[in-house]
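# A structural walkthrough
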Amino acid sequence: MPTIATDTVLDVRDLRTYFKLDDSIVKAVDGVSFSIRRGETLGIVGESGSGKSVACLSALGLVPRPPAFHPSGQVLYRGRNLLGLPERALQDLRGNRLAMIFQDPMTSLNPYLRVSRQLTEVLEVHKSATPSEARRAAIAMLERVGIPDAGRRIDNYPHQFSGGMRQRVMIAMALLCEPEVLFADEPTTALDVTIQAQILELIAELQESFGTAVVLITHDLGVVAGTTDRVAVMYAGRIVEEGPTSEVFASPTHPYTLGLLESLPRIDAGPAGALTAIPGLPPDLGHLPSGCPFHPRCSRVLDRCRDAYPPRIALSPTHSAACFDIEVAP
Amino acid sequence: MTTRDESRQAVASPAATELVVGSSLWQDAWKRLRKNHVAVASGWVLVFLAAACIIGPSMVAATWGYDYETQDLAYGPRPPSWEHPFGTDFFGRDLLTRVLYGCRVSLSVGFLAAILAATIGTVYGAVSSYAGGMIDSVMMRVVDILYALPYMFLVIILVTIAGKSLLLVFTALGAVGWLLTARVVRGQVMSLKSQDFILAAQSLGTRPGGIVFRHLIPNALGPVIVTFTLTVPAMILQEAFLSFLGLGVQAPRPSLGALINDGAHQMLVFWWTLLFPGGVMALMLMALNFLGDGVRDALDPRMNH
């Protein structure tokens, strides 16, 4: 592993988030480590239920505890472990130094409050801004995210905005305090394709001017390829492969990453033939298979895959994967 | 380019200018309520009753010189006439004046007790539900226990201990009437707190107080208002019942309940002493119930079309 540079803003080490249910323990996040530097974009990809959203919510302390608990792990923001912080200190950081935007802009805004109220609230909480300062800053930010006629639109209610516009409002809300880390949890999934591209462009543009580190959670490999510097592939609560986006796409190593990339429809393959798919279903996180959780679906399964979880093997200084089979390969 | 397109649109469609003003979900509900003729008529009946019981007694006093307490035993109970439109009671007092006074007492007790109940219930229910876990369990068990005690029994104890005053009647009614609202709000908040915009507010560092009062309660207010409009008539009935038992408003001050009680004893002889207070009470309760129904329909988003 490379030494962690001084401009690392967030360093997640061996994060585990388990949910205690009546008859089982669901291991939603099971030993995830990643770090992110100022201005960098890290993509986290994986199927639904692979733990990518829970990992980010855990980092912000937003998973309800109980039923969730963290048997191990650290989330270091500038050297402070967020998992041990009291709720009040976390509230000071959330929306201020660390922010998050969500998948569905249609439900992420309070329908009974004017947009202005929801935007200025953030500034009043974190920056002790006066109402008029907050309003000015909010209008400026709405203009920044491309809301036309922001000075008047700010007094509208959320239902008077379209989906794309609402996601812009959400981004404006998240970035008002110029946070250092922005978690974007599938920010474009609920939007149509043309709006998707605009939103991703907007995030990239704002990231550049504010120097924000972005953790982009998605299941869309196209989004990852276009916008991220590094990518981490998650399966059953663990990162199975991580590396610079170009390297991972050029030489995917873990069988799961390979499977994901192969199941993409290709424009050059023509319309003939069915899409390839990874056989089987994602595992039940309450009853994980022994050893490597991917082994029941893996085409290259070895005997020891059933007994032990493979270690992370470095393929290059920045690229690593957790699989027994790659030890054999050069 | 975008701004030019935008302004051209604004000129072209009147909808665009309306959009800029901003219409909340409350305003939409208000529009729907105004289309409901029964509810609107009930609203006017209540406004008329409220106005009548506020200015009515002094108008009667100015015209005929009656008040609600001066007795004229020699005059005695007389049926409705031009001098006494509602007749007079057993002690020769003008019944119209007394009904108007009684109406004033009933309406104010009903509304104040219902406001008190709605306020306590909303805050209690929202806090309990948002806190969750042990706190929620303990707070809701308290509600269960109070629910299990006979409601009227509690009020009677409160009124007996604290004395018989109008202020205490509505405090006592309000203090035990919040249980239903608390449960309704708790249920609402339970479903609201798992919604995305609450998570979004949390992710922006909003304090728990801000989440409860700015985000959860406004969204739970629809059912609270419905419960409120149906609590008012219930409270008026409770007050009438307390007065009927002699625990509410004390003679010679009238309340609708006390007047009906008096009238019921003599209804075979002096029918008007029951008919008029009873009729006004029935009119008031009916109007409140129809208005409550109308509000419920107007706040139900499925009634949109």
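No experiment lies behind these values; they were computed from the predicted model shown.

Here is what the cut-offs are and how they apply
Residues numbered from 1 in each chain as written. Chains lettered and ligands numbered in written order. Predicted model: local features only at pLDDT ≥ 70, side-chain atom pairs only at ≥ 80, totals over all residues. Helix = DSSP H or I, 4+ residues; strand = E, 2+ residues; numbered from the N terminus. Buried ≥ 20, exposed ≤ 12 C-beta atoms within 10 Å, placed from the backbone. Contact = placed C-beta atoms within 7 Å. Axes fitted to C-alpha atoms, helices over the stretch in contact; angles between N-to-C directions. Left-handed = near helix turned anticlockwise from the far one by under 90°. Nonpolar A, V, L, I, M, F, W, Y, C, P; charged D, E, K, R; others polar. Parallel < 35°, antiparallel > 145°, perpendicular 65-115°, else oblique. Pairing = 2+ DSSP bridges. Domains from an automatic or database assignment.

Moving on, we come to the overall build of chain B. A tally of regular secondary structure across chain B gives 13 helices and zero strands. Secondary structure elements of chain B occur, N-terminal to C-terminal, as α-α-α-α-α-α-α-α-α-α-α-α-α. Scored against the burial criterion, the 305 residues of chain B give a buried share of 40%. If you take every contact in chain B between residues at least 6 apart in sequence, the share linking residues at least 24 apart comes to 69%.

Residue and element names in this part refer to chain B. Put simply, helix H12 (residues 256-265) and helix H13 (residues 272-299) touch, their axes get as near as 8 Å, and they point 145° apart. At the point where H12 passes H13, the crossing takes the left-handed sense. Counted together, Leu-256, Leu-259, Ile-260, Asp-262, Gly-263 and Ala-264 of H12 and Thr-273, Leu-274, Pro-277, Gly-278, Val-280 and Met-281 of H13 form the full contact between these two elements. Grouping the constituent residues of the contact of H12 with H13 by class yields eight nonpolar, three polar and one charged.

Residue and element names in this part refer to chain B. One can describe the packing of helix H11 (residues 208-244) onto H13 by two numbers: an axis separation of 8 Å at closest approach and a directional angle of 170°. Relative to H13, the element H11 is oriented roughly antiparallel. Where H11 abuts H13, its residues Gly-222, Ile-225, Val-226, Thr-229, Leu-230, Val-232, Pro-233, Ile-236 and Ala-240 lie against Met-281, Met-284, Leu-285, Leu-288, Asn-289, Leu-291, Gly-292, Val-295, Arg-296 and Leu-299. Class assignment for the residues of the contact of H11 with H13 results in 14 nonpolar, four polar and one charged.

Listed as interface residues are 24 residues of chain B and, on the opposing side, 31 residues of chain A. Of all the secondary structure elements, the ones that give two or more residues to the side of chain B that touches chain A are helix H1 (2-12), helix H2 (14-21), helix H10 (196-203) and H11 of chain B. It is H10(B) that contributes the most residues to the side of chain B that touches chain A, six residues altogether. Of the residues belonging to the side of chain B that touches chain A, the class tally is eight nonpolar, twelve polar and four charged.

We now examine the pairing of strand S10 (residues 230-235) of chain A. Residues and elements named next belong to chain A. The buried count for S10 comes to six of six residues, which makes it a mostly enclosed element. Of the two faces of S10, the one holding Arg-230, Ala-232 and Met-234 and the one holding Val-231, Val-233 and Tyr-235 are both buried throughout. Where strand S3 (residues 41-45) meets S10, four bridges bridge the pair, whose relative direction is parallel. The residue of S10 that forms the bridge with Val-45 is Val-233. Bridge analysis of S10 against strand S11 (residues 238-244) gives six bridges, and the strand direction is antiparallel. Bridging across to S11, Tyr-235 finds its partner in Arg-238. Where S10 folds back onto S11 in an antiparallel hairpin, the turn is made up of two residues, including Ala-236, whose phi is positive at roughly 50°.

Turning our attention to the domain arrangement of chain A. All names here are of chain A. As assigned here, chain A comprises domain 1 (8-97 + 177-267 + 275-328) and domain 2 (108-176). Inter-centroid distance (C-alpha atoms) of domain 1 to domain 2 is 30 Å. Counting from both sides, the interface comprises 16 residues of domain 1 and, opposite them, 13 residues of domain 2. Looking at the side of domain 1 that touches domain 2 element by element, the count peaks at seven residues for helix H7 (residues 193-210). A per-class count over the side of domain 1 that touches domain 2 returns twelve nonpolar, three polar and one charged.

On to the environment of B:Phe170, then. Residues and elements named next belong to chain B. If you trace the backbone, Phe-170 turns up in helix H8 (residues 166-177). The exposure class assigned to Phe-170 is buried, which follows from the 26 C-beta atoms found within 10 Å. When the C-alpha positions of Phe-170 and Ser-106 are compared, they lie 10.0 Å apart, and in sequence the two are 64 residues distant. Contacts of Phe-170, omitting those with residues within four sequence positions, involve Val-109, Leu-112, Ala-113 and Leu-116.

This part covers unusual backbone geometry. Even without glycine at this site, A:Arg78 takes up a positive phi of about 50°. Positionally, A:Arg78 belongs in the loop between strand S5 (74-77) and strand S6 (80-81).

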